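Residue-level structure breakdown
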Amino acid sequence: MKQTSGYSATQIGLHWIVAVLVAGQYIFKDSIASTWEAYTQGQGTIFSPLVFAHVAGGLLILAFVLWRLVLRLTRGVPSAPENEPAPLKTLSHIAHWGFYAVLVAMSVTGGMMWFGDIAAAAQAHNVLKIVLLAMIALHVLAVPFHKIVLKNNVMQRMIRPGA
Ligand code: HEM
Ligand code: HEM
């Protein structure tokens, strides 16, 4: 894996666009959930802009996550802060790769249930939505933990581009 001194402006931009899109998937989930319920009860599907937004948003997330993966592999990412204990370095490494895996899996299972009507994909989508939420909570809590306990400013790395 290539190491850089900081995330590029594109990596930072994509991180925040994906974060906003993912938040939208949760905040505006009621339309897709009720449309899906009506469909599974044989009542057909009613078009609504929020249903379209969930499907399009999910596919956009997939595209941006794949773009981020390519950048991670070609340009690289900065190494963990110096003073981060080894077990935490491993944990954040797993968590970051886990995000890529879960976000791809969310989009793929969403696509499989929506376009392919596959029941197992619907179950997976519903389990993964909880896993992803837990990961986001841990990820967000890591920011003040870094600032207060480890006294490094990891947040700046996702705001100010580095070389
Ligand atoms: C990373 C991308 C995605 C995220 C974070 C996400 C998140 C969610 C969440 C939070 C729900 C709410 C379920 C509930 O509580 O009732 C949901 C439901 C649903 N999503 Fe996604 N989704 C994503 C991508 C997609 C895609 C690409 C599609 C379709 C092409 C899709 C189709 C659906 C459907 C049909 C439901 C209703 C399922 C149900 O309520 O059981 N999702 N999604
Ligand atoms: C759905 C929401 C989010 C997802 C999926 C997500 C995902 C990720 C991923 C995958 C990385 C690692 C980047 C890489 O090395 O390739 C990362 C880094 C980072 N994220 Fe998030 N993130 C989200 C929301 C947030 C939020 C809300 C904050 C701040 C409050 C945040 C702060 C950071 C910071 C500071 C880093 C840099 C960590 C470092 O330099 O090692 N993220 N995020």
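So, here is what we can say about the structure in this document. (Residues numbered from 1 in each chain as written. Chains lettered and ligands numbered in written order. Predicted model: local features only at pLDDT ≥ 70, side-chain atom pairs only at ≥ 80, totals over all residues.)

**As for the site of ligand 1**
The full set close to ligand 1 counts 24 residues, and Ala 33, Trp 36, Gly 58, Gly 110 and Trp 114 are the nearest of them. Listing elements by their share of the shell around ligand 1, those giving two or more residues are helix H1 (9-27), helix H2 (29-40), helix H3 (49-74), helix H4 (86-116) and helix H5 (119-150). The leading source of residues in the shell around ligand 1 is H4, at seven residues. (Near = placed C-beta within 6 Å. Helix = DSSP H or I, 4+ residues; strand = E, 2+ residues; numbered from the N terminus.)

**Side note on unusual backbone geometry**
Only a minority of non-glycine residues have a phi that is not negative, and only a minority of peptide bonds are not trans. Even without being a glycine, Asp 117 presents a positive backbone phi close to 55 degrees. Looking at where Asp 117 falls in the secondary structure, it is placed in the loop between H4 and H5. Of note in the backbone geometry, Lys 151 takes a positive phi value of approximately 55 degrees without being a glycine. Tracing the backbone shows Lys 151 in the loop between H5 and helix H6 (154-157). For Lys 151, a count of 9 C-beta atoms within 10 Å gives the class exposed. (Buried ≥ 20, exposed ≤ 12 C-beta atoms within 10 Å, placed from the backbone.)

**Quick word on H2**
For H2, built from 12 residues, the straight-helix expectation of 16 Å at 1.5 Å per residue is met to within 8% by its first-to-last C-alpha distance of 17 Å. The first or second residue beyond H2 is Gly 42, which carries a positive phi of 75 degrees. (Expected span 1.5 Å × (residues − 1).)

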